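The lines below spell out each chain.
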Amino acid sequence: MQGTSEAFGLKVFCFPHFMTDILIMQAAACWRRNVPERYSVNREESEKELALQQEYIRIMRERVEERIAKTRSVPTYHIETFGCQMNAKDSEKLAGILEEIGYVHTETEEQADLVLYNTCTVRENANQKVYGRLGQLNSIRKHEHTDMKIILCGCMMQEPDEIENVRTKYTFVNAVFGTHNIFRLAQLLYRMETEKNPVIDVWEGTDKIVEDLPSVRKYAFKSGVNIMYGCNNFCSYCIVPYVRGRERSREPIDILREIERLAKDGVKEVMLLGQNVNSYGKTLDVPVSFSTLLKGVAEIDGIERIRFMTSHPKDLSDELIETMRDSSKICNHFHLPLQSGSDRILKVMNRHYTKAQYLNIVEKLREAVPDISITTDIIVGFPGETEEDFLETLDVVRRVRFDSAFTFIYSPRTGTPAAAMEDQVPEDVVKERFERLLKLVQSIGQEMSGRDVGKVLPVLVEEVNRQDGSMVSGRLTNNTLVHFKGEEKLIGSIVNVRLAESKGFYYIGERV
Ligand code: 5AD
Ligand code: SF4
């Protein structure tokens, strides 16, 4: 941690424990800036909120226990998560609250007493998917499970038009809430019992970060960890800043404590989550850089792999690249959304970097971590995109040679600047470009993914292979999938595997 201390312009003794280090750094930085020592936006309010929600959980648990005593049946829940890892993490928190109340998880939504759809709205087809599923669910509710309760939450519910749509056309929905108040689920369930349905509780924003509510983890050996919420970037096509609100970082101490607890619980891999992790900590009253946080996480015993998502190229610091180079725990995978290779389009997208700057970052990453795998997001058909602009995107793909890329057709989102732009690209042109991009991305990805064939590399085993029960599947640190002969008991352990054969986007291996 010596280097970290120096980053704050301070000389501190080399304390062995990262938490002490960070507390000392914060205290010293506070002293220099003349701000209170432990300060966070509305921390007091957040603690009050936690106490209130714990009380609602207690009340609802009593009611569930009464129901079980009367009917001899335990209420079941099912959460369907649409969209990104942020939503997946939110769903784990919602599940945690429900299980604390006494609900039991069921895989099939048809059988659930309570169904929650945690929605996404990043592209129009995400919304359509939710409405399609909702129609089917209503038919089950009407014919087979009349007392089923249905709740909608997440990003799509932050949009006033969608709330109105649900209120008028999907009148069977019992409650709606958004992204800012998921910690209020117990209170919402309480209100559903006492108020006329639907209960609609959507907040425009929040400055509360409620710590220490229960959470259920999907995997025993790996976990996502929120390090920040919201986004301040306002890329002109993107709805996220409108539905997830302004950027708020969690205090490093809270994050590190959570990861310490996870490690004690057997977690080996953490994925630090934020819309733009590279700007982590900038809005804290005592700023802390993302690199400093990473160094703290890397010191936690038991944590063997650290991943993070997502990075914005404009905020990627040399300090972060050095930290990746120097830490064996930080995985050699970097997801770096490109969006477009055209400087003109990048400008209208409000991305704040050029093609040359992006390529320069890639070069620095590859120099520091030669075996790094780089993945990206690309949008095709942004308003005004010409063939020339598109060729610039293909050029970046050829030069960088991404291991894989998520490719998206531009989807206009109401309320974003790009949706109001006049020169929308015709559908047939976009489709044709999309196909060309996909072909290139796939052929390069296939070559890149096979580059480690013959090597022996560590694999974190994640599950029994879904097609062949005699095999297990896991990931290299660069995130590539490996399947090899092995037993279920290997799940959660890191084993050395010879990558015998490359199958394009995955390997068939042999344990050594
Ligand atoms: N249309 C298409 N793709 C989008 N993304 C975000 N907004 C849109 C949109 N309106 C993509 C970006 C982002 C990823 C999560 O989703 O590529 O990085
Ligand atoms: Fe959307 Fe841009 Fe924020 Fe990513 S950085 S969530 S693309 S606004």
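Residues numbered from 1 in each chain as written. Chains lettered and ligands numbered in written order. Predicted model: local features only at pLDDT ≥ 70, side-chain atom pairs only at ≥ 80, totals over all residues. Heavy atoms only, no water.

Looking now at the nonpolar core. Residues Val270, Leu272 and Phe290 are the most contacted members of the largest nonpolar core, which totals 70 residues. A total of 7 residues in this core trace back to one element, the largest contributor, which is helix 15 (residues 427-449). Those residues in contact with Val270 that lie beyond four places of it in its chain are Ser223, Val225, Ile259, Leu262, Val297, Ile303, Arg305, Ile306 and Arg307. Grouped together as the second largest cluster of nonpolar side chains are 30 residues, Leu50, Ile57, Ile79 and Leu189 included. (Core = buried A, V, L, I, M, F, W, Y, C linked by side-chain atoms within 4.5 Å. Buried < 20%, exposed > 50% of the residue type's maximum accessible area, 1.4 Å probe, protein only. Helix = DSSP H or I, 4+ residues; strand = E, 2+ residues; numbered from the N terminus. Contact = heavy atoms within 4.5 Å.)

Attention now moves to the site of ligand 1. By nearness alone, every residue bordering ligand 1 is listed as Val122, Arg123, Tyr237, Gln339, Asp377, Ile379, Phe408, Ile409, Tyr410, Ser411 and Arg413. Here a nitrogen atom of ligand 1 sits 3.0 Å away from a polar atom, N or O, in the main chain of Tyr237. Against a free-state accessible area of 400 Å², the protein chains account for coverage of 85% of ligand 1. Mapped by element, the contributors of at least two residues to the shell around ligand 1 are strand 13 (373-380) and strand 14 (404-409). Across the shell around ligand 1, the residue classes tally to 6 nonpolar, 2 polar and 3 charged. (Near = heavy atom within 4 Å. Polar contact = N/O pair within 3.5 Å; in protein donor to acceptor, adjacent residues only side chain to side chain. Areas by Shrake-Rupley, 256 points an atom, 1.4 Å probe, with all protein chains shown as cover. Nonpolar A, V, L, I, M, F, W, Y, C, P; charged D, E, K, R; others polar.)

What follows deals with the site of ligand 2. Close contacts around ligand 2 come from Cys231, Asn233, Phe234, Cys235, Tyr237, Cys238, Val240, Pro241, Gln275, His312 and Arg351, and that covers them all. Across the shell around ligand 2, the residue classes break down as 7 nonpolar, 3 polar and 1 charged.

Per the counting criterion, the structure on display carries 0 disulfides. Left without a disulfide partner, Cys84 is nearest to the cysteine sulfur of Cys155, which lies 6.4 Å away. Taking the relative accessible area as the measure of exposure, Cys84 reaches 43% and is therefore partly exposed. Considering cysteine sulfurs only, Cys155 is the nearest to Cys120, which forms no disulfide, with 6.1 Å between them. (Disulfide = S-S within 2.5 Å.)

This brings us to the sheet that holds strand 14. Read from one edge to the other, the open sheet built from 3 strands follows the order 12-13-14, with strand pairing classed as parallel. Of all the strands in the sheet, the pair left with one neighbour each is strand 12 (333-335) and strand 14. Each neighbouring strand pair of the sheet contributes to a mean axis angle of 15°, computed without reference to strand direction. (Pairing = 2+ DSSP bridges. Axes fitted to C-alpha atoms, helices over the stretch in contact; angles between N-to-C directions.)

Chain-level pLDDT for the protein is 91 on average; 92% of the residues reach the 70-or-more range. In the model, residues 1-40 has pLDDT below 50 throughout and makes 69 contacts with residues more than four positions away in sequence or in other chains. (pLDDT = per-residue confidence, 0-100.)

Here we come to the packing of helix 3 (residues 43-71) against helix 7 (residues 185-194). Two numbers describe a pair of packed helices, the interaxial angle and the distance between the axes. Where helix 3 contacts helix 7, the axes come no closer than 8 Å and their chain directions differ by 50°. With respect to each other, helix 3 and helix 7 are oriented oblique. Along this stretch, helix 3 crosses helix 7, giving a crossing that reads as left-handed. Counting all contacts with helix 3, which are made through Glu49, Leu52, Gln53, Tyr56, Ile57, Ile59, Met60 and Arg63, the residues of helix 7 involved are Ala186, Gln187, Leu189, Tyr190 and Glu193. Partitioned by chemical class, the residues of the contact of helix 3 with helix 7 number 8 nonpolar, 2 polar and 3 charged. (Parallel < 35°, antiparallel > 145°, perpendicular 65-115°, else oblique. Left-handed = near helix turned anticlockwise from the far one by under 90°.)

This next bit is on the side chain of Thr480. With respect to the secondary-structure elements, Thr480 resides in the loop between strand 16 (471-475) and strand 17 (481-485). A polar side-chain atom of Thr480 sits 2.7 Å from a polar atom in the side chain of Asn478. For Thr480, the residues in contact, after removing those within four places along its chain, are Gly474, Arg475, Phe505, Tyr506 and Tyr507.

The next point concerns helix 11 (residues 318-326). Among the residues of helix 11, those classed as buried are Leu320, Ile321, Thr323 and Met324. Axial view of helix 11: buried residues confined to an arc of 160°, hence all on one face. In this fold, the buried residues of helix 11 make contact with helix 10 (290-298), strand 11 (305-309), strand 12 and helix 13 (355-368). (Arc of directions from axis to C-beta.)

Compared with the 42 Å implied by 1.5 Å per residue over 29 residues, the 41 Å span of helix 3 between its first and last C-alpha is a close match. Within helix 3 the residues assigned to the buried category are Ser46, Glu49, Leu50, Gln53, Tyr56, Ile57, Met60 and Val64. At its buried positions, helix 3 is contacted by helix 4 (85-101) and helix 7. At the C-terminal side of helix 3, Arg72 shows a positive phi close to 60°. (Expected span 1.5 Å × (residues − 1).)

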